[in-house]
Amino acid sequence: AISQPVDKADLSNRQLNLMPESLFHLGDRLLSLNLRRNCLQSSKMTPDSSASQRGDRLSGHLEDIQIFRNLTSLDLSENFLTTLPACLCRLRSLTELNIAANQISALPNEISNLIKLRSLYLYNNRLTELPDSMTSLAQLSVLLIAFNRFEELPPVLACLPSNSDVILPGNQLSSIPDALAQRLDAGGIKRINLRFNRLVAIDSGISLGLAGLTHLVYLDLRDNLIETLDLQPLSHLEFLSCDRNRLADIFVNGTALRTLLLVENKLQSLKISPPPKRLECLDVSDNRLDSLPDCLWPSGRASLLRLHAGGNEIRRLPADIWRCVKLQSLRLERNRIAELPAAPAEAANGLTELLELCLHSNQLTRLPAALFHLTPALVELNLANNQLVELPKLPLRNSGNRLQVLTASFNQFSDADVSFLAENFGSSLRTLLLAFNRLTEINDETMLQFCELRELNISGNQLKTLPSTLSRLERLVTIRAHSNCLQRLPDLSDSPRLRTLDVGCNSTLSGSVRNLMESRLSFLDLSCNQQMGMSMQDLASVTAANAGDVEALLVQRPRNPEAEDGVGRRLTRCFLAQRDRDEATRVTKAGGVVTDDGRVNGQCTRMLGWSSLHPVVVPDPQVTQLNLTEWDDALVLANRGLWSHVGHEVVAAEVLKVAHPVAAAKRLVDLAQSHGSSGNICVLIVKIRPELLARAPSFADEDFAASSSVFSFDSDQSEDRRDRLACGMRDRLASEVKHQELDADLAEALSGDGGSTVPDDRSTTWTWQRRRRPSMSKRSGIGAGMSGLLLRHVHASLTASDVGIDIGSEWKTKHRQRRYDGGGDSGDDSSDWELDWRWDAGSSVGYPATLDSRRSSIPGSQSASGDAVDFELRESLNSRAAPSAVATAAAPASAVNLGHPHRNLVDTGTEPEAPGNPVTL
């Protein structure tokens, strides 16, 4: 039954093939009908026969809609229609018709009968032309024909009233005929959107036909193929967007210009004449400009609100920039600026309304002494990745400063700068990023002044201790202090809101983890604070497959010894329509609509699990396979939190600067944050050592049987290698003794004296009865004790991504272990517990720990009888690759990382003197 107002009926999303009989009881009273997202069927019924059945039972087919003679609004979008039944054109009362997102290739000529039609939505179909009869629709004011297959502008557009918008993104237009342009101009058309077409203008001999549209106020030409553009005749133009074209030259009339967007082109100069006195927003990011346009000074300075010119080759700034008194956002990142100009005397008050100043990745060596005086309203300041030694120390005139976010990582700031920030901005700063500077000590009183601080990043410095007053900062949520020289940690168990603590890569750090485990932390990283290692099978080849935002980069060392930077080779593809024209073509042919951010319904064009958007969004991955060479240094996997803010070449250079993959991954996370990335950031690095590319010793499957204790080497295995591997195992066994106390502390903190149950994020319960320290096995190995098994589960919280890495070799290990019930050995073989995991060539990456976590219970300890086969020595003998690392900016689930050998997928046996230390979450 229809329990809605009698003049409206909403039957959307009902999966209807036929309309319900109760709907027809409304008859002439129905004014609005919404049938969106159904599968309505058509029939061959003639209008006369359908009409004769009024009062009788109707079939419910699409044609029966015509009995609602007073209908004014009809929505048939997303119904898989291939044609519009001509009988529906008899609904002369219709003022709004929506047949978008179907598969209609042509409209009937009878559509001209809808003489009262005002709004017609035809986007996302397969139309190539519109009937000429539509020119008689005198009241039509809204016509949306985006994402169809038009190669020419339909003549009906010239008949639209002057306040109408011409919206044609996602078609196949290459130009606008001069005759039609004159007709559009005569009709007074003011707004045109031609995004995602095929507009091309190579030189002055090929015209787009836009010069004749003299009444234009709004023009959107994003994502086309335009190389040169002359819009000087458009004196009324207020808004122009030409992002992501191939523009090398552009001429714009600045008489009425307010917004000019020219992102990602090839511009070396910008010509605006006359000077834009009303210009409010200018974005020329990612071009080839060596200076800001002269036309801005002095005419445009009074009105300019936003100036973005990042990613160019600008070396110097004009002093007139301090006269832009209304400027609110100034972004000049990724240029070659060595210093900021001094403010002229007549601009002594500076930029009093500036809220955002972004100068990261330049060549700044000093800042103006009066910088903070000239920007009293500044809220966000980014100075990262420069060569700054100190902040300007000129005392501030008042205490009303509002600076909330300061990013100053990758500079050379000292302890005195932290004290200056605490004194002047301590009451306002919420985010303070000072990673990779020259900090040696932050005293307790200084830290206590940052009373509003939420996030603190002081990684990569030379700090030996953290301030004990950190726990008294009531709003502090995140502390990142990895890659320092920390020897101990303060008691942070009383910190009320602290959720993330990263103190990895502090080789001298020691102490108990009890107070940390008892705190409210959601993410704790203590990795690389002991001599612990990890290795995987040798990487002889690599296969990368992606569908989504995650990308993989192969970092290669420079082949020329004199070269400083390495090379980054992309193994994956970025599935955004605005950056991949072939992908945009596929989406539009499949009937999809690409939004302004290059996505489909907010998603990448290729994703897993989005069957509701198929065939527009497909799960088909981009697959790349290659053999590794001696020049290959590392594999970098990261999500868009890194790639959208840091270029591939920059990532390659940063990875080559740091030998350890953990430190490199953490450094990239900090670099992305310093470049403005504020979302989730995940980076995984796999180091490749050229001397380990040779094949490892191979073992047959039977050599890994649970009852076997004999190791089989290849015939060509040398005596020296066997001795070296044995030496490595002895060193690793010796290091295990050093970790016993840490194991005991952690297990006691987690479980107490008795038994315990630990739930994981997959709703799986792991249970043990009593804790027992790992014992030394009689069969050349160490036992996998309870705490090791527990933390292997804890480390399994690494979330699977859309990128898989296949290491081109097979790895299978079985481990059988008797259940320990607290009183001795169990004689019941049915209680045996088995780990069985495989890494096969030709498949996506497998994470063995995730398989472990699906077991329902865990034995309490290794069997004392020694019946359990220890697989660690075998893994070491068969492991040849370098360590891997993963680093994240945030993690939603609870995680503990101690970098212990027992809790890694495999352990290193190739280089015991300098084992790799993984970071897992």
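The model shown is predicted, which means the values in this text are computed figures rather than measured ones.

Chemist: Explain helix H4 (residues 415-425) here, please?
Modeler: An α-helical turn contains 3.6 residues, so any two residues separated by three or four positions project in the same direction. Restricting attention to buried positions, one finds in H4 the residues Asp417, Val418, Phe420, Leu421, Ala422 and Phe425. Where H4 is buried, its residues touch helix H3 (371-374), strand E20 (405-407), strand E21 (431-433) and helix H5 (444-448).

Chemist: When you look at the packing of aromatic side chains in this model, what are you seeing that I'm missing?
Modeler: To describe a pair of aromatic rings, one takes the distance between the centres and the angle between the planes. According to the stated counting rule, one finds six aromatic pairs in the structure shown. When the ring of Phe372 is compared with that of Phe420, the centres are 6.1 Å apart and the planes differ by 40°; the resulting orientation is tilted. Note that Phe372 is positioned in helix H3 and Phe420 in helix H4, a separation of 48 residues in sequence. With a relative accessible area of 6%, Phe420 lands in the buried category. Consider the rings of Phe410 and Phe436, whose centres lie 4.9 Å apart with planes at 15°: the pair is stacked. Of the two residues, Phe410 sits in the loop between E20 and H4 while Phe436 sits in the loop between E21 and H5, which places them 26 residues apart along the sequence. Residues Phe410 and Phe436 agree in their burial class; the two are buried. Aromatic ring contacts, followed pair by pair, group Phe372, Phe420 and Phe425 into a single cluster. When the ring centre of Tyr218 is taken as origin, the NZ or CZ atom of Arg191, which lies over that ring, is 4.2 Å away. The ring of Phe436 carries the charged tip of Arg667 above its face, separated from the ring centre by 4.8 Å.

Chemist: Just checking my understanding: could you explain the pattern of salt bridges for this structure?
Modeler: Note on pairing: side chains with opposite charge can pair once their charged atoms come close. Summed over the entire model, instances satisfying the criterion amount to 25 salt bridges. When the shortest N-O distance is used, the salt bridge between Lys393 and Asp417 registers 2.6 Å. Pair noted here: Lys393 is in the loop between strand E19 (380-382) and E20 and Asp417 is in helix H4, with a separation of 24 residues, a long-range link. The exposure class of Asp417 is buried, given its relative accessible area of 2%. A cluster of three or more residues bridged by salt bridges with shared partners is formed by Arg480, Asp502, Asp525, Lys666 and Asp670.

Chemist: Could you clarify how one ought to interpret the nonpolar core in this entry?
Modeler: When a protein is soluble and globular, its nonpolar side chains tend to lie buried together. Within the largest apolar cluster, 154 residues are counted, with the highest numbers of intra-cluster contacts made by Ile65 and Leu143. The set of elements that each furnish at least two residues to this core consists of helix H2 (178-186), strand E10 (228-231), strand E12 (249-252), H3 and H4. Counting residues per element, this core draws most heavily on H4, at five residues. Shared between two domains, this core takes at least three residues from each, and those domains are domain 1 (1-42 + 60-149) and domain 2 (413-534). The contacts of Leu143, once residues within four sequence positions are left out, are Leu120, Leu122, Leu130, Met134, Val156, Leu157, Leu160 and Asp165. Formed by 28 residues, the second largest nonpolar core is a distinct cluster that contains Cys528, Trp643, Val662 and Leu668.

Criteria and thresholds
Every chain's residues receive numbers from 1 upward, in the order its sequence appears when written. Since the coordinates come from a predicted model, pLDDT governs what is reported: local features require at least 70, and pairs of side-chain atoms require 80 or more to be given and counted, while whole-chain, interface and lining totals use all residues. Processing note: side-chain calculations cover all non-hydrogen atoms of the structure and skip hydrogens and water entirely. Buried residues are those whose accessible area, probed at 1.4 Å on protein chains only, stays under 20% of the maximum for their type, while exposed residues exceed 50% and partly exposed ones sit between those limits. Numbering goes from the N terminus for both helices and strands, where a helix is a DSSP run of H or I of at least four residues and a strand is a run of E of at least two. Residue contacts are defined here by distance: any two heavy atoms, one from each residue, within 4.5 Å place the two residues in contact. To pair, rings of Phe, Tyr and Trp, with the six-membered ring standing in for Trp, must have centres within 6.5 Å; the planes then decide the type, stacked if under 30 degrees apart, edge-to-face if over 60, and tilted in the middle. Placement of a charge over a ring requires the Lys NZ or Arg CZ to be within 6 Å of the ring centre, with the centre-to-atom vector within 35 degrees of the ring normal. Counted as salt bridges are all cases of a side-chain nitrogen of Lys or Arg within 4 Å of a carboxyl oxygen of Asp or Glu. The nonpolar core is taken to be a set of buried Ala, Val, Leu, Ile, Met, Phe, Trp, Tyr and Cys residues, with the residues joined through side-chain atoms within 4.5 Å. A domain assignment, automatic or from a database, supplies the domain bounds used here.

Keep in mind these numbers describe shape, not what the thing actually does.
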